[in-house]
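Listed here are the chains, written in short residue letters.
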Amino acid sequence: EPSFDGELQQVSLALLPLQEFAEGVQLDGRADAQLDVTLAEAGPQGRVHFEATQGSLTLPLLPIGVPFDKLSADLALGGDALAVLNAFDLAGPLVALTASGTVGRNANPDLAPLALKARIEAREPAVRSMLQSQGVALDASGAAAVEIGGTLGSPEVVPARARPGGAG
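Overview of the structure.

Cut-offs applied
Residues numbered from 1 in each chain as written. Predicted model: local features only at pLDDT ≥ 70, side-chain atom pairs only at ≥ 80, totals over all residues. Heavy atoms only, no water. Helix = DSSP H or I, 4+ residues; strand = E, 2+ residues; numbered from the N terminus. Buried < 20%, exposed > 50% of the residue type's maximum accessible area, 1.4 Å probe, protein only. Contact = heavy atoms within 4.5 Å. Core = buried A, V, L, I, M, F, W, Y, C linked by side-chain atoms within 4.5 Å. Polar contact = N/O pair within 3.5 Å; in protein donor to acceptor, adjacent residues only side chain to side chain. Pairing = 2+ DSSP bridges. Axes fitted to C-alpha atoms, helices over the stretch in contact; angles between N-to-C directions. Patch = residues over 30% accessible without salt bridge, like charges linked within 9 Å, V, L, I, M, F, W, Y side chains within 5 Å. Areas by Shrake-Rupley, 256 points an atom, 1.4 Å probe, with all protein chains shown as cover. Salt bridge = Lys/Arg side-chain N within 4 Å of Asp/Glu carboxyl O. Lys, Arg positive; Asp, Glu negative; His and termini not counted. Charge placed at Lys NZ, Arg CZ, Asp CG, Glu CD.

Brief notes about the overall build of the chain
Item 1. Tallying secondary structure elements over the chain gives one helix and nine strands in all.
Item 2. Reading the chain from its N end, one meets helices and strands in the order β-β-β-β-β-β-β-α-β-β.
Item 3. By its C-alpha atoms, the chain is 50 × 35 × 30 Å across when sized along the principal axes.
Item 4. Looking at the chain as a whole, 36% of its 168 residues qualify as buried.
Item 5. Long-range contacts, defined as pairs at least 24 residues apart, comprise 43% of the intrachain contacts of the chain with a sequence gap of at least 6.

Laid out in structure tokens, this is it:
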């Protein structure tokens, strides 16, 4: 099985074949990455860490690309899930986002189930309005804890559930 264990520098994120796994997701910018990945019959397996700067991220939930100053992620690929997102941090002029969770497996990537927890901080009034129009309840500082479920092809964002015995 083909594999790669090493480091890549200044990779163009626009060249990644994300459409094969997540229709509607696009990345732009340049990244440095550490990879230990095998291309197994069941799909990619291994670990990926990357840091990107000065780019944009487009998601099916958003009508526009979100510019970022810095984007970093730690992923585990394969096993019971397509990917386990151990850490995802995006910081940009419009929004900050941190997330973790899983992208499940499905023969049709659009139907891969999502189980993500995220914190969104809207840094611009227009972004606050857009998020609120999509049902995201922001606090006075423009932040919200959310859960992202549904599937890759049809994500659903809901307020994070309060933990038993906690304030939420």
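Back to the write-up after that little detour.
Description of the nonpolar core
Item 1. Ranked by size, the top nonpolar core spans 38 residues in total, and within it Phe50, Leu71, Phe88 and Leu90 carry the most contacts.
Item 2. Within the residue set of this core, elements represented by two or more residues are strand S2 (26–40), strand S3 (43–58), strand S4 (66–77), strand S5 (81–91), strand S6 (95–104), strand S7 (114–122), helix H1 (125–133) and strand S8 (143–150).
Item 3. With residues up to four places along the chain from it excluded, the contact list for phenylalanine 50 reads Ala31, Asp32, Ala33, Leu71, Ser72 and Ala73.

Let's talk about the side chain of glutamate 147
Item 1. Its place among the elements puts glutamate 147 in strand S8.
Item 2. Exposure remark for glutamate 147: the relative accessible area of 10% places this residue in the buried category.
Item 3. At 3.1 Å, the side chain of glutamate 147 forms a polar contact with the side chain of lysine 117.
Item 4. If we skip the residues at most four places from it in the chain, glutamate 147 touches Leu116, Lys117, Glu156, Val157, Val158, Pro159, Ala160 and Arg161.

Concerning unusual backbone geometry
Item 1. In this structure, glutamine 10 takes a positive phi of about 55° despite not being glycine.
Item 2. Residue position: glutamine 10 is located in strand S1 (residues 3–12).
Item 3. Under the relative-accessibility criterion, glutamine 10 is labelled partly exposed at 47%.
Item 4. The phi angle at glutamine 54 is positive, at roughly 45°, despite the residue not being glycine.
Item 5. Here glutamine 54 lies in strand S3.
Item 6. Overall, glutamine 54 belongs to the exposed group, its relative accessible area being 59%.

Some details on the sheet that holds S1
Pairing between the strands of a sheet is mediated by backbone hydrogen bonds and can be parallel or antiparallel.
Item 1. The strand order across the open sheet formed by nine strands is S1-S2-S3-S4-S5-S6-S7-S8-S9, and the pairing between neighbours is antiparallel. Taken across any chain shown, the strands that pair with only one partner, and hence form the sheet edges, are S1 and strand S9 (155–159). Sheet twist, expressed as the mean angle between neighbouring strand axes with direction ignored, is 15°.
Item 2. Where S2 meets S3, 14 bridges bridge the pair, whose relative direction is antiparallel. Counterpart to valine 37 in the pairing with S3 is glycine 46.

A closer look at a negative patch on the surface
Item 1. Residues Glu7, Asp32, Glu51, Asp74 and Asp89 make up a contiguous surface patch of negative charge.
Item 2. Along the polypeptide, aspartate 74 turns up in strand S4.

Remarks on the pairing of S6
Item 1. Along S6, seven of the ten residues are buried, which leaves the element largely enclosed by surrounding structure.
Item 2. With antiparallel pairing between neighbouring strands as the criterion, S5 and S6 make up a hairpin whose turn holds three residues.
Item 3. Bridge count for S6 against S7 is nine bridges, and the pairing is antiparallel. Within S7, the position partnered with threonine 98 by the bridge is arginine 119.

Focus on the pattern of salt bridges
Item 1. On inspection of all chains with the given rule, the structure shows three salt bridges.
Item 2. In this structure, lysine 117 engages glutamate 147 in a salt bridge whose closest nitrogen and oxygen atoms are separated by 3.1 Å. Note that lysine 117 is positioned in strand S7 and glutamate 147 in strand S8, a separation of 30 residues in sequence.
Item 3. Between glutamate 121 and arginine 119 there is a salt bridge whose closest N-O contact spans 4.0 Å.
Item 4. For glutamate 121, a relative accessible area of 27% gives the class partly exposed.

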